[in-house]
Amino acid sequence: MKKLLTVFVVFLSVGLASLADNKDDALKFFNNYVNAANTYSTTIPEYYSPTAKIIRQVIKPDGTLVDRETTTARYVSEMKKGQAIAKVRKYKNNYSDIKITKINDTTYKISSLRQPTGETYKLKTYMIVQKQPDGKWLIIEELMQTKVQLFLNAK
């Protein structure tokens with residue numbers, strides 16, 4: 001009986017450590033993404049699943065919200081165009097109130113508030129990240145609020 005209890009405790013400990021590792025890995029992935037984005041890295045597209053759901057939630061001047069979805073390919077294309085301007089302007093995003101919620105053993109939702117350079121307001125954002133069978137983490141869904149009205153014309 002003592003051996004059985006010892007084996008159970010070992011398996012439980014290993015299982016809990018593995019879950020904690022995934023949560024820690026998801027947070028590390030998020031922090032690496034933020035660093036890559038804020039240093040205008042060309043590796044940003046590698047953080048996204050080719051089939052990721054990308055949502056820009058536009059905050060209209062009257063305060064109403066409008067969601068605009070786009071494909072990963074279009075998002076990456078637009079991001080590459082804007083990256084040079086962002087670099088010249090030294091545009092960055094600062095993230096606060098970061099919360100990680102487990103969806104399942106390999107999938108986590110990371111919610112936070114995003115504050116663009118030079119702004120006093122903060123915008124809601126989340127990304128759902130998933131550990132792939134090969135061990136790589138990818139963004140499979142992302143929502144970022146924005147006050148940029150140009151997104152309202154995006155299809």
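Structure: above.
So, a few notes on the structure that sits alongside this text.

Conventions adopted
Residues numbered from 1 in each chain as written. Predicted model: local features only at pLDDT ≥ 70, side-chain atom pairs only at ≥ 80, totals over all residues. Heavy atoms only, no water. Helix = DSSP H or I, 4+ residues; strand = E, 2+ residues; numbered from the N terminus. Buried < 20%, exposed > 50% of the residue type's maximum accessible area, 1.4 Å probe, protein only. Contact = heavy atoms within 4.5 Å. Areas by Shrake-Rupley, 256 points an atom, 1.4 Å probe, with all protein chains shown as cover. Core = buried A, V, L, I, M, F, W, Y, C linked by side-chain atoms within 4.5 Å. 1 Å grid on protein atoms, 1.4 Å probe; cavity = no way out; pocket = protein on both sides within 12 Å on 5 of 7 lines; lining within 4 Å. Points joined across faces, edges and corners; volume = space filled by probe spheres on them. Nonpolar A, V, L, I, M, F, W, Y, C, P; charged D, E, K, R; others polar.

**Focus on the overall build of the protein**
The helix and strand tally for the protein stands at two helices and six strands. The N-to-C order of helical and strand elements in the protein reads α-β-β-α-β-β-β-β. Every one of the 155 residues in the protein was classed for burial, and the buried ones make up 34%. Contacts spanning at least 24 positions in sequence make up 49% of the contacts within the protein whose residues lie at least 6 apart. In the form shown here, the protein has an accessible surface area of approximately 9,800 Å², with 59% of it arising from carbon and sulfur atoms.

**Focus on the side chain of Asn22**
Following the sequence through the fold, Asn22 ends up in helix 1 (residues 2-38). Using a relative accessible area of 8% as the deciding quantity, one classes Asn22 as buried. Setting aside anything within four residues of it in sequence, one finds Asn22 in contact with Asp105, Tyr108, Lys131 and Trp137.

**Some points on the nonpolar core**
Ranked by internal contacts, the top residues of the largest apolar core, which has 23 residues, are Tyr33, Tyr47, Tyr48, Val129 and Ile139. By residue number, the principal contributor to this core is helix 1, which donates six residues. With near-sequence residues (within four places) excluded, Ile139 lies in contact with Phe29, Tyr33, Tyr47, Tyr48, Ser49, Ala52, Met127, Ile128 and Val129.

**Focus on empty space enclosed by the protein**
Gaps between atoms show up when a probe of the same size as a water molecule is rolled over them. Scanning all chains against the criterion turns up one cavity of 30 Å³ or more. Approximately 30 Å³ is the volume found for the largest cavity. Forming the boundary of the largest cavity are Phe30, Tyr95, Ile110, Ser112, Thr125, Tyr126, Met127 and Met144. Listed by contribution, the elements that provide at least two residues to the lining of the largest cavity are strand 4 (107-116) and strand 5 (123-131). When residues of the lining of the largest cavity are assigned to their parent elements, the largest contribution, three residues, is made by strand 5. Residue classes in the lining of the largest cavity are distributed as six nonpolar, two polar and no charged.

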